[in-house]
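Chain and residue survey
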Amino acid sequence: MAIAIYPGSFDPITYGHIDITRRARKLFGRLVIAVVANPHKNPLFTLEERVELTKDALREEGLSEIEVTSFDGLLVECARAHGADAIVRGLRANSDFEYEFQMALANRDLAPQFESVFFMTAGNYSFLASSMVKEVASYGGDVSNFVPKSVQKALREKLGAR
Ligand code: PNS
């Protein structure tokens, strides 16, 4: 059974990530979501919060069997530690391609044994990004179409407390 690792910032997890998770778990015997400790972007949620929120959201969506871990440093080291065969990423639009292509080739150069596998997100999530969810939530907008209830609550608490 092939093992895949699905890395990202997950700041926070959205229905777009969940859509990719559902697609990937159909093809892989084991899927591990790996939350990066230090994303380039200044995260809204701490690493511990992003891991907990990801677990909560997966539970809410009936995906509690999906493992969630965190990593610091190189993704390929995390993939190695989990015995992964593949690295999963989602593609929303053409604009994602260049960044993903660069990352996949860098990862291949570092560790050619891992195949990067891309899943196309559902059309209705093709515009969805964690950054957009945070912006809408920061102005008090409705994000119920974008993130599960547990994440909506966390966004209210975090942004309301600012
Ligand atoms: O959700 P994101 O922010 O697009 O995820 C980016 C992520 C975490 C997959 C990427 O930044 C990453 O793999 N970081 C770990 C450092 C690393 O391995 N870099 C080399 C590959 S470019």
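See the structure above.
A brief structural summary. (Residues numbered from 1 in each chain as written. Predicted model: local features only at pLDDT ≥ 70, side-chain atom pairs only at ≥ 80, totals over all residues. Heavy atoms only, no water.)

Quick look at the site of the ligand
- Around the ligand, the surrounding shell holds 13 residues, and the nearest of these are S9, K41, L75, R89 and M103.
- Backbone polar atom of L75 to an oxygen atom of the ligand: 2.8 Å apart, as the coordinates give it.
- Note that an oxygen atom of the ligand is positioned 2.9 Å from one of the side-chain N or O atoms of R89.
- Relative to its free-state accessible area of 540 Å², the ligand is covered by the protein chains to the extent of 78%.
- Every element with two or more residues in the shell around the ligand is listed here: β1 (3–8) and α4 (94–110).
- When residues in the shell around the ligand are grouped by element, the largest group, 3 residues, is from α4.
- Looking at the shell around the ligand residue by residue, the class counts come to 7 nonpolar, 4 polar and 2 charged. (Near = heavy atom within 4 Å. Polar contact = N/O pair within 3.5 Å; in protein donor to acceptor, adjacent residues only side chain to side chain. Areas by Shrake-Rupley, 256 points an atom, 1.4 Å probe, with all protein chains shown as cover. Helix = DSSP H or I, 4+ residues; strand = E, 2+ residues; numbered from the N terminus. Nonpolar A, V, L, I, M, F, W, Y, C, P; charged D, E, K, R; others polar.)

So, the pairing of β1
- Of all 6 residues in β1, 6 are buried; the element is thus mostly enclosed.
- Across 6 bridges, β1 lies against strand β2 (residues 30–36) in parallel orientation. Bridging from a neighbouring strand, I3 pairs with R30 of β2.
- Sheet topology places β1 next to strand β4 (residues 86–91); 2 bridges connect them, and they run parallel. Residue pairing in the sheet places I5 in a bridge with I87 of β4. (Buried < 20%, exposed > 50% of the residue type's maximum accessible area, 1.4 Å probe, protein only. Pairing = 2+ DSSP bridges.)

Overview of the environment of M1
- Relative to the assigned elements, M1 resides in the segment before β1.
- For M1, a relative accessible area of 85% puts it in the exposed group.
- For the pair M1 and G29, spaced 28 residues apart in sequence, the C-alpha to C-alpha distance is 4.9 Å.
- In contact with M1, not counting residues within four places along its chain, are G29 and D85. (Contact = heavy atoms within 4.5 Å.)

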